[in-house]
Amino acid sequence: MRNWKPEDRAQTNEAFNDLVGEEKARLAGFASSAGYGVAPELRGEAIKYLLENPEVQETAGWKEGRRYGGVEIASRHALDLMKTDPSSASSWVKSLPEGP
């Protein structure tokens, strides 16, 4: 994805919102865990979706207790956002469901 054109990334961000079921869970798992190349907006939406829908976390490849489980991924994303846009980071964290 890091080699994609900006319009291709934007299209993927839009498509994520239209997906359902396993397709959405798998894309969310990829987008939330990819080391680079995924737009921060998509990563944030993917993480939020998986935190709000724990029943699809296993399909997405999220397993608590493993390296890079949900809490770790969300924390890393928040810290990455803080480096460039602290206000967005704060808003994003506040939008998450309650939990660890």
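Throughout what follows, the structure given in this document is the object of discussion.

Cut-offs used in this document
Residues numbered from 1 in each chain as written. Predicted model: local features only at pLDDT ≥ 70, side-chain atom pairs only at ≥ 80, totals over all residues. Heavy atoms only, no water. Helix = DSSP H or I, 4+ residues; strand = E, 2+ residues; numbered from the N terminus. Rg over C-alpha atoms; globule rule 2.2 N^0.38 Å. Buried < 20%, exposed > 50% of the residue type's maximum accessible area, 1.4 Å probe, protein only. Axes fitted to C-alpha atoms, helices over the stretch in contact; angles between N-to-C directions. Parallel < 35°, antiparallel > 145°, perpendicular 65-115°, else oblique. Contact = heavy atoms within 4.5 Å. Nonpolar A, V, L, I, M, F, W, Y, C, P; charged D, E, K, R; others polar. Expected span 1.5 Å × (residues − 1). Arc of directions from axis to C-beta.

### Notes on the overall build of the protein chain
Okay, step 1: Looking only at helices and strands, the protein chain features 5 helices and 0 strands.
Okay, step 2: Along the protein chain, helices (α) and strands (β) appear in the sequence α-α-α-α-α when read from the amino end.
Okay, step 3: A compact globule built from 100 residues should have a C-alpha radius of gyration of about 13 Å, and the protein chain, at 13 Å, falls within 12% of that.
Okay, step 4: Across its three principal directions, the C-alpha atoms of the protein chain cover 35 × 30 × 20 Å.
Okay, step 5: The burial tally for the protein chain puts 34% of its 100 residues in the buried class.

### Notes on the packing of helix 4 (residues 70-84) against helix 5 (residues 86-95)
Okay, step 1: Packing of helix 4 against helix 5 leaves a shortest axis separation of 6 Å and a crossing angle of 150°. Taken together, the axes of helix 4 and helix 5 are roughly antiparallel relative to one another. Residue-level inspection shows A74, H77, A78, L81, M82 and T84 of helix 4 in contact with helix 5, the latter providing P86, S88, A89, W92 and V93.
Okay, step 2: Looking at the contact of helix 4 with helix 5 residue by residue, the classes come out as 8 nonpolar, 3 polar and no charged.

### Structural notes on helix 4
Each α-helix turn comprises 3.6 residues. Residues three or four places apart therefore point the same way.
Okay, step 1: Under the 1.5 Å per step criterion, the end-to-end length of helix 4 is 22 Å for 15 residues, consistent within 8% with the ideal 21 Å.
Okay, step 2: Of the residues making up helix 4, those classed as buried are G70, I73, A74, H77, A78 and L81. For helix 4, the buried positions fall inside an angular range of 135° around the axis, keeping them on one side. Exposed residues pointing more than 90 degrees away from the buried face of helix 4 are listed as L79 and K83.
Okay, step 3: Those residues of helix 4 that are buried lie in contact with helix 2 (21-33), helix 3 (40-52) and helix 5.

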